[in-house]
Amino acid sequence: MSEIYTKEEFLILAMLYVANVDGKIQPDEVRVMLERFEPASVAEVRRKFNKMNDSELIRCIEENKAKFVPTQEDKAHLMDGLRKIVAADDRHLAIEEYILQAVETMFA
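(A) Geometry of the environment of F37. Examined against the element boundaries, F37 turns out to sit in the loop between helix 2 (27-36) and helix 3 (39-50). Considered as a pair, F37 and E9 are 28 residues apart in the sequence and their alpha carbons are 9.4 Å apart. Setting aside its immediate chain neighbours within four residues, F37 contacts E8, L11, I12, M15 and V42.

Put into structure tokens, the structure is as follows:
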């Protein structure tokens, strides 16, 4: 499994996971990531993301959440970023709302 070494990588991975819930990461979703992170970082994490299956992604998030999202403030910051990803393409799908709730529960 691809390793995540920094908080930035972890946040990008979580954003990619949510962006991909409808089966395709849209350019508008990538644009939201690029507003917060360097293009090289997004590209590197996306390479790792593309090599991981769903169970590896979930396990990676589970294994690293305490390290990279230790406080309620960190959780709120993460969820804000994930909501921006969902809103980026101006479509509101039920699966996107579901994944937001699932991720929020994962960090409870």
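There is more to say after this.
(B) Structural view of the nonpolar core. If you look at the biggest cluster of nonpolar residues, it comprises 36 residues, and the most contacted ones within it are F10, L13, V18, L82, V103 and F107. Considering each element in turn, this core owes the most residues, 10 residues, to helix 1 (residues 7-19). Ignoring anything within four residues of it in the chain, the contact list for F107 reads F10, I61, K65, V69, K75 and L78.

(C) Focus on the pattern of salt bridges. Scanning the entire structure with this criterion turns up 9 salt bridges. Residues K7 and D74 are paired through a salt bridge, measuring 2.8 Å at the closest nitrogen-oxygen approach. Taken together, the residues span a long stretch of sequence, with K7 in helix 1 and D74 in helix 5 (residues 72-87) at a distance of 67 residues. The partner of D28 in a salt bridge is R31, and the shortest N-O contact between them spans 2.3 Å. Of this pair, D28 and R31 both sit in helix 2, 3 residues apart, which is roughly one turn of that helix. Note on R31: relative accessible area 46%, which makes it partly exposed. A single salt-bridge network, built from bridges that share partners, covers D22, D89 and R91.

Criteria and cut-off values
Residues numbered from 1 in each chain as written. Predicted model: local features only at pLDDT ≥ 70, side-chain atom pairs only at ≥ 80, totals over all residues. Heavy atoms only, no water. Helix = DSSP H or I, 4+ residues; strand = E, 2+ residues; numbered from the N terminus. Contact = heavy atoms within 4.5 Å. Core = buried A, V, L, I, M, F, W, Y, C linked by side-chain atoms within 4.5 Å. Buried < 20%, exposed > 50% of the residue type's maximum accessible area, 1.4 Å probe, protein only. Salt bridge = Lys/Arg side-chain N within 4 Å of Asp/Glu carboxyl O.

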